[in-house]
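Listed below, chain by chain, are the residues.
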Amino acid sequence: MFTSSSRWQGDNYRWDFSDKWAETDEDYGSDIASQYFYEPYNSEIKEATLNVAAIAGDFELRTATEYLFEFNQDGNIGPYIFSSTEQSDHRNLKLKLRDGKQNFRRVINDIELKLHPDPVWNFDIESGAAKIRLDLRKFKTQDISIAGGASSVNLKVGDLYEHTSIYVQSGASSITLSIPEESGCEIITTTVLSSRNFDGFDKIDKGYYQTPNFDDAKNTIKIKVDAAITSLKVRRY
């Protein structure tokens, strides 16, 4: 066994890592690494898409920032690779694990994201055994897609954008979605749920639900769930 330590730093990233490598996969990744990325903001960016692959551990977003995007991670998986591309006034941000696959006996991974509140945001998230907590009430959200085997998903959206679409394709044990009471909302689900809670919704058809104000509301939220999950809650606040 040997131990290696390193510190990498550039204009918009930092990586501090101390790792003990062993002969067996079970011991790999026993120490904690810290990573930080950011993407500068400029007012020409009208829309942004965040694509995140291979999430494990705790994944949280609830805070705004002066940058377009900030990423903080402490964990024993990684490193994550960050890339940014632009097309006209749209910025695409991608995060993925460098090796694509991690095999640890015990995963420790705490990720905190921060976003700028001005652009319209889209999210494409592929998760593993993760707890995902996204508080998007401060942000304009257009499309949200969550796929994978997350252990739980807790998502809150606001009313800062006219039309929001949420698609969950996951084996999560539980999904809780919180939406503004003033927004019209519809739910389409093709899965058999052992537990569901859709307070304030009318059942239109099998697997199809709507709030009474759906046709008249200024803002609408469309939710589609195609997942083998234990419970699904949609709360109006």
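None of the values given here were measured: they were computed from a predicted structure.

**Q** What exactly am I supposed to notice about the overall build of the protein here?
**A** A count of helices and strands for the protein gives 0 helices and 19 strands. Sorting the 237 residues of the protein into buried and exposed places 45% on the buried side. Intrachain contacts of the protein at a sequence separation of at least 6 include 60% that bridge at least 24 residues.

**Q** How should I be thinking about the pattern of salt bridges in this particular structure?
**A** Side-chain pairs of opposite charge can arise where the charged atoms are in close proximity. Across all of its chains, the model carries 5 salt bridges by this definition. Glu 86 serves as the salt-bridge partner of Arg 91, at 3.8 Å between the closest nitrogen and oxygen. Given a relative accessible area of 8%, Arg 91 falls into the buried group. In this structure, Arg 137 and Asp 135 form a salt bridge, with 2.7 Å as the shortest nitrogen-oxygen distance.

**Q** Is there a simple way to think about the pairing of strand 16 (residues 202-205) in this case?
**A** One face of the sheet, then the other: side chains in a regular strand alternate in exactly this way. As paired strands, strand 16 and strand 17 (residues 208-210) are joined by 3 bridges and run antiparallel to one another. Of the residues in strand 17, the one forming a bridge with Asp 205 is Tyr 208. A loop of 2 residues connects strand 16 with strand 17, the two strands running antiparallel in sequence, and Gly 207 in this loop sits at a positive phi of about 75°.

**Q** How do you make sense of the side chain of Gln 142 when you look at a structure like this?
**A** With respect to the helices and strands, Gln 142 occurs in strand 10 (residues 140-148). In this structure the side chain of Gln 142 is engaged in a polar contact, spanning 3.0 Å, whose partner is the side chain of Asn 122. Only 3.1 Å separates the side chain of Gln 142 from the side chain of Tyr 161, close enough to count as a polar contact. Residues in contact with Gln 142, not counting those within four places in the same chain, are Glu 47, Val 120, Trp 121, Asn 122, Tyr 161, His 163, Thr 164 and Ser 165.

**Q** Help me understand the environment of Asp 215, please; the structure alone is not making it clear to me.
**A** Along the polypeptide, Asp 215 turns up in the loop between strand 17 and strand 18 (220-225). As a C-alpha pair, Asp 215 and Cys 185 span 30 residues in sequence and 9.2 Å in three-dimensional space.

**Q** Please explain the confidence of the model for the protein as it appears in this structure.
**A** Detailed reading of the predicted model is not advised wherever pLDDT is low. Of the residues in the protein, 83% reach a pLDDT of 70 or more, and the chain-wide mean stands at 84. Low confidence marks residues 1-10, where pLDDT is under 50. Its contacts with residues over four positions away, or in another chain, come to 26 contacts. Here residues 14-29 is a poorly scored stretch, pLDDT under 50, and it has 54 contacts once near neighbours within four places are set aside; other chains count.

**Q** Looking at this model, I keep getting lost on the environment of Asp 124. Mind explaining?
**A** Looking at where Asp 124 falls in the secondary structure, it is placed in strand 9 (residues 120-136). Looking at Asp 124, the relative accessible area reads 36%, which means it is partly exposed. Remark: the alpha-carbon pair of Asp 124 and Ile 146, spanning 22 residues in sequence, is separated by 6.2 Å. Side-chain polar atoms of Asp 124 contact the side chain of Asn 51, separated by 3.4 Å.

**Q** Can you walk me through the side chain of Thr 164 in this structure?
**A** Tracing the backbone shows Thr 164 in strand 12 (residues 163-170). A relative accessible area of 2% places Thr 164 in the buried class. Side-chain polar atoms of Thr 164 contact the backbone oxygen of Thr 141, separated by 2.7 Å.

**Q** What's the story with the packing of aromatic side chains in this structure? I'm lost.
**A** Two descriptors summarise a pair of aromatic rings, namely the distance from one centre to the other and the angle between the planes of the rings. Applying the stated criterion across every chain yields a total of 9 aromatic pairs. Measuring from centroid to centroid gives 4.4 Å for Tyr 38 and Tyr 67, while their planes differ by 40°, and the two rings are tilted. Note that Tyr 38 is positioned in strand 3 (residues 33-39) and Tyr 67 in the loop between strand 4 (47-64) and strand 5 (69-75), a separation of 29 residues in sequence. Accessibility expressed as a relative area gives 18% for Tyr 38, which makes it buried. Residue classification places Tyr 67 among the partly exposed positions, given a relative accessible area of 26%. With 6.1 Å between their ring centres and 20° between their planes, Trp 121 and Phe 123 make a pair best called stacked. Judged by its relative accessible area of 4%, Phe 123 is buried. Connected via pairs of aromatic rings, a cluster forms that spans Phe 37, Phe 69, Phe 71, Tyr 80 and Phe 82. Above the plane of the ring of Tyr 237 lies Arg 137, whose end atom (NZ or CZ) is 6.0 Å from the centre.

**Q** What exactly am I supposed to notice about the pairing of strand 5 here?
**A** Counting buried residues in strand 5 gives 5 out of 7 residues, a clear majority hidden from the surface. As defined by bridge partners, strand 3 adjoins strand 5 across 7 bridges and the pair is classed as antiparallel. Directly across from Ala 33, in strand 5, lies its bridge partner Gly 75. Note that strand 5 and strand 8 (residues 109-115) share 7 bridges and pair antiparallel.

Cut-offs and rules
Residues numbered from 1 in each chain as written. Predicted model: local features only at pLDDT ≥ 70, side-chain atom pairs only at ≥ 80, totals over all residues. Heavy atoms only, no water. Helix = DSSP H or I, 4+ residues; strand = E, 2+ residues; numbered from the N terminus. Buried < 20%, exposed > 50% of the residue type's maximum accessible area, 1.4 Å probe, protein only. Contact = heavy atoms within 4.5 Å. Salt bridge = Lys/Arg side-chain N within 4 Å of Asp/Glu carboxyl O. Pairing = 2+ DSSP bridges. Polar contact = N/O pair within 3.5 Å; in protein donor to acceptor, adjacent residues only side chain to side chain. pLDDT = per-residue confidence, 0-100. Phe/Tyr/Trp six-rings, centres within 6.5 Å; stacked < 30°, edge-to-face > 60°. Lys NZ or Arg CZ within 6 Å of the ring centre and 35° of its normal.

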